[in-house]
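This is what each chain is made of:
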Amino acid sequence: MTRVSPDRETVRRLRDGMAQGVLSFPLTSFHDDGSLDPNGFRAHVADRIATAPGAVFPACGTGEFFSLDEDEYRRVVTIAVEEAGGRLPVVAGVGYGWAQAARFARIAEEAGADALLVLPHYLVAAPQDGLVAQLEQLAARTRLPLIAYQRGQVAFTAASLRRVAAIPGVIGLKDGHSDLDRLQRLTLAAPDGFLFFNGAATAEIQARAYATVGVPAYSSAVHAFAPEIADAFFTALRDGDDKAVDRLLRDFYVPLVELRDRVPGYAVSLVKAAARLRGRPVGPVRAPLTDPSPTDLADLRALLSNGLDLVGAAL
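Please read all numbers here as calculations on a predicted model, not as lab measurements.

Visitor: Summarise the packing of aromatic side chains; cite the residues concerned and give the values.
Guide: For the structure shown, the criterion picks out 11 aromatic pairs. Centre to centre, the rings of Phe-65 and Phe-104 are 4.9 Å apart; their planes meet at 65 degrees, and the pair counts as edge-to-face. Taken together, the residues Phe-65 in the loop between strand S2 (55-56) and helix H3 (70-84) and Phe-104 in helix H4 (residues 98-111) connect sequence positions 39 residues apart. Looking at Phe-65, the relative accessible area reads 3%, which means it is buried. In this structure Phe-104 comes out as buried when scored by relative accessible area, which is 2%. Each ring, one from Phe-194 and one from Phe-196, has its centre 5.5 Å from the other, and the planes form 70 degrees; the classification is edge-to-face. This pair shows no difference in class: Phe-194 is buried, exactly as Phe-196 is. Three or more aromatic residues joined by ring pairs form one cluster here, namely Tyr-218, Phe-233, Phe-234, Phe-252 and Tyr-253.

Right, here's the structure in full:
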């Protein structure tokens, strides 16, 4: 019997998951004093997994990876793996320079994660050779498959993506730039079986456009607080129900983006605030992020109530 490599098996599980639901990026729960709340996180991630997402991505951008120390990271990834129980892939975030990313990768591997999402490196701009070398260095130090995340200062050319895809263990690319011309060039340059993910902020806004260049899978921050809305949108998009897609975009997602754009960091802060509005034990954000103002929180409550009404759910 031919043994299936871990990379191929992870790709298969992710591809199957992408076809059945959104990619879930759970929030990391904190107490009011800013300390980690593992019990709150366990309850939150269990609720997300119960809605059958395609995969779960703990300790990534929405999960405030950038604010976690290594012990906290270990607890978060371990809890996510325990709650997933092998039913769906667990892809943990890693980041900073490759040396620090490798430390987090070892922790994720020990915790039982299936793969890693490599968040943009810290601070500096880098040439294409350096972007490729960052992944080469990390891939040489972990057995876990890697998904590169291009966003901010990380943006691959087609030539660089061919080199990235040739690195043993690199299985995919998440895109947060929303440059469809560049993204089309990347999808055409990639080998068969290479995974692509829509990682734009509030990815539903551009989900149809991404799908036209061969990238239908997307991450959903909304799933962290309103899986009813996220799942309704995913189903409508998958089934070609343009009226339902337009209604959800017009009456919920576009206003949410407009609210998000009021303050830097609201891409996470509003998601956490919305989860709290629904009684989820996720707590506040950690500095340098800030929680929404009373005015913005009131606007969020009204928008969330309206969005839930659209899909027949309640606040």
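Moving on from the model shown.
Visitor: I'd like a description of the packing of helix H2 (residues 38-50) against H3, backed by residues and values.
Guide: Closest axis-to-axis distance for the H2/H3 pair is 9 Å, and the angle between their directions is 40 degrees. Comparing the axis directions of H2 and H3 gives the class oblique. The handedness of the crossing between H2 and H3 is right-handed. Facing Pro-38, Phe-41, Arg-42, Val-45, Ala-46 and Ile-49 of H2, the residues of H3 in contact are Arg-75, Val-76, Ile-79, Ala-80, Glu-82, Glu-83 and Ala-84.

Visitor: Now, about the environment of Arg-143: what can you tell me, with residues and values included?
Guide: Examined against the element boundaries, Arg-143 turns out to sit in the loop between helix H5 (128-139) and strand S5 (146-150). Take Arg-143: its relative accessible area is 70%, and that puts it in the exposed class. Spatially, the C-alpha atom of Arg-143 lies 34 Å from that of Pro-284, the residues being 141 residues apart in sequence. Side-chain polar atoms of Arg-143 contact the side chain of Glu-109, separated by 2.7 Å.

Visitor: For the pattern of salt bridges, give the residues involved together with the corresponding values.
Guide: As enumerated under the stated definition, the model contains 22 salt bridges in all. Here Asp-296 makes a salt bridge to Arg-262, at a shortest N to O gap of 2.6 Å. Here Asp-296, found in helix H12 (residues 294-310), pairs with Arg-262, found in the loop between helix H10 (242-260) and helix H11 (266-277); they are 34 residues apart in sequence, far enough to count as distant. Through salt bridges that share partners, Glu-9, Arg-12 and Asp-16 make up one connected network.

Parameters at a glance
- Residues numbered from 1 in each chain as written.
- Predicted model: local features only at pLDDT ≥ 70, side-chain atom pairs only at ≥ 80, totals over all residues.
- Heavy atoms only, no water.
- Phe/Tyr/Trp six-rings, centres within 6.5 Å; stacked < 30°, edge-to-face > 60°.
- Helix = DSSP H or I, 4+ residues; strand = E, 2+ residues; numbered from the N terminus.
- Buried < 20%, exposed > 50% of the residue type's maximum accessible area, 1.4 Å probe, protein only.
- Axes fitted to C-alpha atoms, helices over the stretch in contact; angles between N-to-C directions.
- Parallel < 35°, antiparallel > 145°, perpendicular 65-115°, else oblique.
- Left-handed = near helix turned anticlockwise from the far one by under 90°.
- Contact = heavy atoms within 4.5 Å.
- Polar contact = N/O pair within 3.5 Å; in protein donor to acceptor, adjacent residues only side chain to side chain.
- Salt bridge = Lys/Arg side-chain N within 4 Å of Asp/Glu carboxyl O.

Read these as geometric descriptors, not functional statements.
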